[in-house]
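Chain and residue survey
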Amino acid sequence: MRIVVAVKYVPDIHADRRFDAGRVVRSSEEGTLNELDENAIEAALRIVESLPEAEQETSEVVVLTMAGPEADTAIRKAYQMGVGRGVRVSDEALAGSDYFGTVATLAAAIRKIEEEGPVDLVLTGMAALDGLGSVVPVLLAAELDLPQLTLAGKLEVDVQARTAQVTRELDDALEVLTAPLPAVVSVTDHANWPRFPNFKLIMAARTQPIEVWDLAALGLDPATVGDAGARTRVLAATPRPPRPEVEVVVDKGEGGRALAEFLIRNDLV
C-alpha cells in the first residue's frame, strides 16, 4: 500500500499576513504545516497501521508539497508524526502558481512516484487555511483521472476489495460513498484526532532526508505553471481595517435602551 498525502506549508494563522507583488510572504519563522493536513496524514498512518505486519513493512506514506525550502518545516512535522518519506517540489518558475498550476505540479509528482510502483490512495486535507479554496482535491482527481471522495468525516479502506468508503456529514443525514482504488480522498477535521509526536520521532525528523524535485525532473513546461500559466491574478491586497474601539455600557437601568439603539444604529435589526 502506497499512500501519497498532499500537504501545504502555510503562514501561521496567528501571524500577520503580508503580501508582496500579489503573493503571500512566507518564511520559516512564521510558517507551519497546514493544520487540516494533519488529519490526512493521520488517516494515512492509520490505514497502514491496520494492515498485517508483513504488509506494513512494504507499505509507504509519502508527504508531497510544492513550495520553497522553508516548507521543509512542514515535511519535518509530518516526519515527527511517523511519515517515512517526504518530497518537496521547488522551482523558481512555480512562483505565483494558482490552483491549476499547483494541481498540475502535484499530479506530475504523483505520476513520478508511480514510476516506482502503484499509488493506491491520494489523501488531502479539506482545505488550506491560507486560502480556504477547498478545490485542490477535486482538481487533482480530475487531473489524475481518478475517482474523488471529498469532505470525508470517516474513511475506511478495504485493501482486499480495493475500495475506499467515506461517510460525509450533511445537515440532516449521513452520506456513505464508495469508490474503487486508486482514488483521491479529502478528509475533514472530524475524521480523526492527529497524534502527538513522540520524542524518538522528533529527534529522527531533524536529520531525515527530504527529496527535492524541480520542473525538469517532472517533465513540466515552466510556461504552464507559476505566473506564466496562472489563470487568475491578485490585483490588490490591503490590510484588514482595525477593529473599532469596544463600547462598554454600564447598565444602570437603561441597558436595554442602549442595546436597542446600538442595534438600530448599526443596521443589525
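Structure first, text after, so check above.
My aim in this report is to walk through the structure given alongside it, one point at a time. Owing to the predicted nature of the structure, the values given are computational and were not obtained by experimental measurement.

**Some thoughts on the nonpolar core**
- Residues Ile 3, Val 5, Ile 41, Leu 123, Leu 155 and Val 185 are the most contacted members of the largest nonpolar core, which totals 38 residues.
- If you list the elements that add at least two residues to this core, you get strand 1 (2-6), helix 1 (37-49), strand 6 (60-66), helix 3 (72-81), strand 8 (121-125), strand 9 (148-152), strand 11 (163-169) and strand 13 (183-187).
- For this core, the leading source of residues is helix 1, giving 7 residues.
- Residues contacting Ile 41, with those up to four places away along its chain left out, are Val 5, Val 7, Leu 33, Val 63, Ala 78, Met 81 and Val 83.
- Within the second largest apolar cluster, 26 residues are counted, among which are Ala 108, Val 184, Leu 215 and Leu 220.

**Considerations on the packing of aromatic side chains**
- Going through the model one piece at a time under the given rule, you end up with 0 aromatic pairs.
- When the ring centre of Trp 213 is taken as reference, the NZ or CZ atom of Lys 112 above it lies at 5.2 Å.
- The side chain of Arg 231 reaches across the aromatic face of Phe 100, ending 3.9 Å from its centre.

**Some remarks on the sheet that holds strand 1**
- Reading across the sheet, the 7 strands line up as 9-13-8-1-6-7-14 and stay open at both edges, with parallel pairing between neighbours. A strand with exactly one partner marks an edge of an open sheet, and here the two such strands are strand 9 and strand 14 (211-213). Across the sheet, the axes of successive neighbouring strands diverge by a mean angle of 20°, strand direction being ignored.
- Across 3 bridges, the pairing between strand 7 (residues 85-89) and strand 14 is parallel. Paired with Arg 88 across the two strands is Val 212, which belongs to strand 14.
- Contacts between helix 3 and the sheet are confined to strand 6 and strand 7, with strand 7 contributing the most and set at about 165° to the helix.

**Side note on the sheet that holds strand 12 (residues 174-180)**
- An order of 10-11-12 is seen for the 3 strands of this open sheet, with the pairing classed as antiparallel. Because the sheet does not close on itself, it has two edges, and the strands there are strand 10 (154-158) and strand 12. If you compare each strand with its neighbour and ignore which way they point, the axes differ by 15° on average.
- Here strand 11 pairs with strand 12 via 7 bridges, running antiparallel. Residue pairing for strand 12: Val 166 is matched across the bridge by Leu 177.

**Side note on the pattern of salt bridges**
- All told, the structure shown has 15 salt bridges when counted by the stated rule.
- The partner of Asp 72 in a salt bridge is Arg 88, with the nearest N and O atoms 2.7 Å apart. With a gap of 16 residues between them, Asp 72 in helix 3 and Arg 88 in strand 7 connect regions that are remote in the sequence. Just as Asp 72 is buried, Arg 88 falls in that class too.
- As a salt-bridge pair, Arg 85 and Glu 211 come within 2.6 Å of each other at their nearest N and O atoms.

**Section: the pairing of strand 10**
- Where strand 10 and strand 11 come together, 5 bridges link them in antiparallel fashion. Of the residues in strand 11, the one forming a bridge with Asp 158 is Thr 163.
- Where strand 10 folds back onto strand 11 in an antiparallel hairpin, the turn is made up of 4 residues, including Arg 162, whose phi is positive at roughly 60°.

Here is what the cut-offs are and how they apply
Residues numbered from 1 in each chain as written. Predicted model: local features only at pLDDT ≥ 70, side-chain atom pairs only at ≥ 80, totals over all residues. Heavy atoms only, no water. Core = buried A, V, L, I, M, F, W, Y, C linked by side-chain atoms within 4.5 Å. Buried < 20%, exposed > 50% of the residue type's maximum accessible area, 1.4 Å probe, protein only. Helix = DSSP H or I, 4+ residues; strand = E, 2+ residues; numbered from the N terminus. Contact = heavy atoms within 4.5 Å. Phe/Tyr/Trp six-rings, centres within 6.5 Å; stacked < 30°, edge-to-face > 60°. Lys NZ or Arg CZ within 6 Å of the ring centre and 35° of its normal. Pairing = 2+ DSSP bridges. Axes fitted to C-alpha atoms, helices over the stretch in contact; angles between N-to-C directions. Salt bridge = Lys/Arg side-chain N within 4 Å of Asp/Glu carboxyl O.

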